[in-house]
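# Architecture at a glance
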Amino acid sequence: MKIIAPANNKGGVGKTKVSILLAEYISKFLNKKVLAIDFDPQCNFSQRFLKMELDPSAPQGLMPPIHPDYDPADSDNGNWDGRSSIADIFFDPGVIPYPTYIENLDILPGHADKLLAAESVRRSEVVEKVYKQLDNFLDFPEVKNAYDVVIIDTAPSKGPLTVSVFKAATDILIPSVMEEQPIQGIYGMLQLWMQESIRREKNKPLNLVGILPNLFRQINLHKDMLGSLLENKSISKYIMPVKLCQRAVYAEVDAEGAIPRTIFDLPDSNVAKQEAISVCEYICGRVFKHD
Amino acid sequence: MTRRKRFGLSQNLNQGLKDTINAAENHTSALRYEVIALSRIELDPENPRNLLITVEDIKQGLSLADGTAKDKQEELNRLTGLAETIKKQGLINPVVVYKFGEKYRLVAGERRFLASLLAGKDDIQARVLNQKPDGLELRLLQWVENTEREDLSLKDRIGNVMAIVDEHKKQNLTAPITATLLRELISISLPQATAYIAVLNAPKDVIEEINLGKINNLDKAAYLAKIHEEHIRRKAIEAIITGTNLKQVKALIENEISLLNKPSLNRVIRKRGRVASRVNLGTTTKPTIIKKIIEFVILQPKYNHLANKFNNINWSEYQQTSKAFRVLIEALEKEGEE
């Protein structure tokens, strides 16, 4: 089972956008069973596929809606309140993924308050209570048998939640804007990758798919920065030969009630769609190359 | 026209990216150092123990009923010394462990581990390997660990080298271990490697003395190993045990060996082809040299009377000069016989 995670602790570089594109592309076009996981307390990934609700006990954050399979009259429910999020792996072993409008795609949404609570443990406990939980969860036979691919959206942070994604993932990619400070963010991510890489056993490596230039504009700044990275012999092999340009349509499809609701429903001649498909093809080529 | 501004990554960032990627790509599991709780570390049951004392002994104290109590007490005393240093200065050399399920097993550093327990520490610095190192790698690791300890006896060092040689044999059935190979494996000088190989092949009496701890110096042991004659070797061993230095021992033994030698035992330097039985006098194109030699000889009071033999020589003539030289040699040979 492949576990792919876009990561960058710089916000606004397009992690969620890439997560969405990959989740939709793989489930629609590659016909694989995909589990989307939202590990970002902001819950934007979840909001794409579910109608997230305001959490009454923490109104600044979102929580998942009631699960479609929840029957309040069912006596087997026990204590279940009808909602399920990935945060539950830190507190209680039972999680129930939600279906989405795409048949092969399920989602375990985030829950802002619970994710933040899970992250704020004492340093001495973080290994046991946080780092290993995601890895253990994804190791359950029920999960491995149900899904071919897991896509995990991460928060713009290097905290315990992100570290636990690094510990669980098989493939990492780093979307970035081609500007000085976001590129410094790449440096930080490479450090995390390096530290986790040397801990991994030989048969379970952490693959760096590459750095994806995102929100790219045809201005000298972006072109020169990209050129600069390509001139650095150590990193140039990790710069993806594809990129996503800054296009209004990428944001437009996320608006509520948008038509079409996904880039992939645009006509084949559409530049944005072609670009999105190239990026997904490249990433999938690198991820599934041994299959 | 404004000059187009060229943007680029800062020097630091460029270098930082390069270094990080290199580290990730070239990682060996050996680069990982961590601080690990002592409670998560255990001794490796598959490795032979160096000490009698156990973790329980440290935690609960030695039991008087224990038959090995005396030896354990000695070990405990030495560990206490190490524990004191660890309390004051901390542990300088991390131990080496490998991950085994939820625990870690010791590859090297048994004394440091037990001393840390004794010192009341909660955790210890460790170099973490992802899996148990294979036979040869394990032995090499332990060698590196052990050579940093000065108190290791020659017996133990030989034991380690022997273990390394055995593991190597297991992996390379055909290749015998040579000094060059040994030197590469454990990073020592060629003379040292040669000495180790000599000691590994030493005769029984030398090995016995090493095992008894009577011989602790590698060079002395190697010298002894090469003495073939048993009773001479015995003399050398005794000299070394009583503390004679190597130079004196060598002089003593050289003497013994020369007394022992009969002419037939003399080594003859053999060249290829027939054995030389005479001196080859060679040739020269400069007869004046011969003139000089002869004049010099007859100047000696002892050989003055030979002068008349060389009165009528034409020194620019090759044949006459050759004959003159022959005459000289014959005359000197004759003189030598008297």
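Residues numbered from 1 in each chain as written. Chains lettered and ligands numbered in written order. Predicted model: local features only at pLDDT ≥ 70, side-chain atom pairs only at ≥ 80, totals over all residues. Heavy atoms only, no water.

## With respect to the overall build of chain A
Where we set the bar: A run of DSSP states H or I qualifies as a helix once it reaches four residues; a run of E qualifies as a strand once it reaches two. Both are numbered from the N-terminal end. The buried label applies to any residue whose accessible area, calculated with a 1.4 Å probe on protein chains only, is under 20% of its type's maximum; exposed applies above 50%, and partly exposed to all values in between. For the area figures, the Shrake-Rupley method with a 1.4 Å probe applies, and any residue is considered shielded solely by the protein chains shown.
Looking only at helices and strands, chain A features 11 helices and nine strands. The buried share of chain A, taken over its 291 residues, is 54%. By element, 50% of the accessible surface of chain A is carried by carbon and sulfur atoms, the whole surface being about 13000 Å².

## A short note on the packing of helix α10 (residues 218–225) of chain B against helix α12 (residues 246–260) of chain B
Residues and elements named next belong to chain B. Short version of the rule: Note on definitions: angles span 0 to 180 degrees between N-to-C directions of axes, and those axes are lines fitted to C-alpha atoms, for helices only across the stretch in contact. Angle categories: roughly parallel below 35 degrees, roughly antiparallel above 145, roughly perpendicular from 65 to 115, and oblique for all the rest. Any pair of residues with heavy atoms lying within 4.5 Å of one another is described as a contacting pair. When residue character is reported, Ala, Val, Leu, Ile, Met, Phe, Trp, Tyr, Cys and Pro are called nonpolar, Asp, Glu, Lys and Arg charged, and the others, Gly included, polar.
Relative orientation of the contacting elements α10 and α12 amounts to 10°, with a least axis distance of 11 Å. Taken as axis vectors, α10 and α12 run roughly parallel relative to one another. On α12, the residues touching D219, K220 and Y223 of α10 are L246, V249, K250, I253 and E254. Each residue belonging to the contact of α10 with α12 can be placed in one class, and the counts come to four nonpolar, no polar and four charged.

## Thoughts on the sheet that holds strand β2 (residues 41–42) of chain B
Residue and element names in this part refer to chain B. Basically, it comes down to this: Note: two strands are recorded as paired if DSSP finds a minimum of 2 bridges between them.
Spatially, five strands are ordered β1-β5-β3-β4-β2 in an open sheet, and the strand pairing comes out mixed. The sheet is open, and its two edges are formed by β1 (33–37) and β2, each paired on a single side. Looking at chain direction, strand β3 (residues 95–100) and strand β5 (residues 123–129) are connected through four bridges and run parallel. The partner of V96 across the bridge, within β5, is R127.

## Concerning the packing of aromatic side chains
Aromatic rings in a pair are described by how distant their centres are and how their planes are angled relative to each other. Residue and element names in this part refer to chain A. Keep this limit in mind: Any pair of Phe, Tyr and Trp rings, taking the six-membered ring for Trp, is counted once the centres come within 6.5 Å. Such a pair is stacked with planes under 30 degrees apart, edge-to-face with planes over 60 apart, and tilted for the rest.
Going through the model one piece at a time under the given rule, you end up with 10 aromatic pairs over all chains. Ring centres 6.0 Å apart and planes at 45° place the aromatic pair Y25 and F264 in the tilted group. Note that Y25 is positioned in helix α1 (residues 15–28) and F264 in the loop between α10 (248–252) and α11 (271–287), a separation of 239 residues in sequence. The two residues Y25 and F264 agree in class, both being buried. When the ring of F39 is compared with that of F90, the centres are 6.1 Å apart and the planes differ by 45°; the resulting orientation is tilted. Of this pair, F39 sits in the loop between β2 (34–38) and α2 (44–49) while F90 is found in the loop between β4 (58–63) and β5 (98–99), placing the two residues 51 residues apart along the sequence. The same class applies to F39 and to F90, which are both buried.

## Re unusual backbone geometry
Residues and elements named next belong to chain A. Residue P260 follows I259 across a cis peptide bond; omega there is -5°. Counting through the fold element by element, P260 comes out in the loop between α10 and α11. Located in the positive-phi region is L215, a residue other than glycine, with phi close to 50°. Tracing the sequence through the fold places L215 in the loop between β9 (207–213) and α8 (220–231). L215 gets classed as partly exposed once you look at its relative accessible area, which sits at 27%.

## Focus on the sheet that holds strand β6 (residues 105–108) of chain A
Residues and elements named next belong to chain A. The strand order β5-β6-β2-β7-β1-β8-β9 describes an open sheet built from seven strands, whose pairing is mixed. Of all strands in the sheet, those bounded by a partner on one side alone are β5 and β9. Pairing geometry for β2 and β6, over four bridges, is parallel. Across the sheet, I37 pairs through a bridge with L108, a residue of β6. Sheet strands touched by α11: β1 (2–6), β8 (171–176) and β9. Its angle to β9, the strand with the most contacts, is close to 165°.

## As for the pattern of salt bridges
All names here are of chain A. Defined as follows: Any Lys or Arg side-chain nitrogen located within 4 Å of an Asp or Glu carboxyl oxygen qualifies as a salt bridge.
Inspection of every chain in the model, using the stated rule, returns 21 salt bridges over all chains. The residue K51 makes a salt bridge to E256 at a minimum N-O spacing of 3.6 Å. Remark: E256 occurs in the loop between α10 and α11 and K51 occurs in the loop between α2 and β3 (53–55); sequence separation between them is 205 residues. Judged by its relative accessible area of 71%, E256 falls in the exposed class. Shared partners join several salt bridges into a network, and the residues in it are K17, E24, R48 and D254.

## Observations regarding the interface of chain B and chain A
Applicable threshold: By buried area we mean the combined loss of accessible area, with a 1.4 Å probe, across both parts when two parts are placed together. Within 3.5 Å is the distance limit for a polar contact, defined as a pair of N or O atoms, with the added protein rule that one can donate a hydrogen and the other accept it, and that residues adjacent in sequence qualify only through two side-chain atoms.
Contacts between the two partners involve 24 residues from chain B and, on the opposite side, 29 residues from chain A. Summed over both partners, the interface of chain B with chain A buries about 2500 Å², with 58% contributed by carbon and sulfur atoms. Taken together, chain B and chain A are joined by zero salt bridges. Here chain B and chain A share one residue pair in polar contact (both at pLDDT 80 or more) between them. Among the elements that make up the side of chain B that touches chain A, the one with the highest residue count is helix α1 (residues 11–25) of chain B (11 residues). Tallied by class, residues from the side of chain B that touches chain A come to seven nonpolar, nine polar and eight charged.

## Re the side chain of A:S176
Residues and elements named next belong to chain A. Tracing the backbone through its elements, the reader meets S176 in strand β8. The class of S176 is buried, set by a relative accessible area of 0%. The contacts of S176, once residues within four sequence positions are left out, are N8, V13, P182, I183, I186, L212, P213 and N214.

## Looking at the confidence of the model for chain B
If pLDDT is low for a region, its predicted coordinates should not be looked at in detail. Cut-off, in case you're wondering: The pLDDT value tells you how sure the predictor is about a given residue, anywhere from 0 up to 100.
Per-residue pLDDT for chain B has a mean of 80; in total, 87% of the residues score no lower than 70. Scoring of the predicted complex yields 0.59 for pTM and 0.71 for ipTM.

## Some thoughts on helix α6 (residues 154–171) of chain B
Note the following rule: To estimate the expected span of a helix, subtract one from its residue number and multiply by 1.5 Å.
Taking 1.5 Å per residue as the helical rise, α6(B) with its 18 residues ought to reach 26 Å, and the 26 Å between its terminal C-alpha atoms agrees with that figure. Within α6(B), the full set of buried residues consists of B:L154, B:I158, B:N160, B:V161, B:A163, B:I164, B:V165, B:E167 and B:H168.

## Regarding the packing of helix α7 (residues 180–199) of chain A against α1(B)
What counts here: Working rule for handedness: look at the near helix, and if it is turned counterclockwise from the far one by less than a right angle, call the crossing left-handed; if clockwise, right-handed.
Two elements in contact, α7(A) and α1(B), have axes separated by 9 Å at closest approach and are oriented at 20°. Classified by the angle between their axes, α7(A) and α1(B) sit roughly parallel to one another. As for the relative orientation of α7(A) and α1(B), their crossing is left-handed in sense. Note on element contacts: α1(B) touches α7(A) through B:L13, B:G16, B:L17, B:T20, B:I21, B:A23 and B:A24, opposite A:E180, A:I183, A:Q184, A:I186, A:Y187, A:L190, A:Q191, A:W193, A:M194 and A:I198. Its residues placed into classes, the contact of α7(A) with α1(B) shows 12 nonpolar, four polar and one charged.

## Describing the nonpolar core
Residue and element names in this part refer to chain A. Counted only if it meets this: The term nonpolar core refers to a set of buried residues drawn from Ala, Val, Leu, Ile, Met, Phe, Trp, Tyr and Cys, joined through side-chain atoms within 4.5 Å.
Ranked by internal contacts, the top residues of the largest apolar core, which has 55 residues, are I37, F39, I86, L134, L138, I152 and L190. By residue number, the principal contributor to this core is α7, which donates seven residues. The residues touching I37, leaving out its near neighbours within four places in the chain, are F45, I86, L108, L138, V150, I151, I152 and D153. By size, the runner-up hydrophobic cluster in this structure holds 42 residues, among which are A36, L50, C280 and V287.

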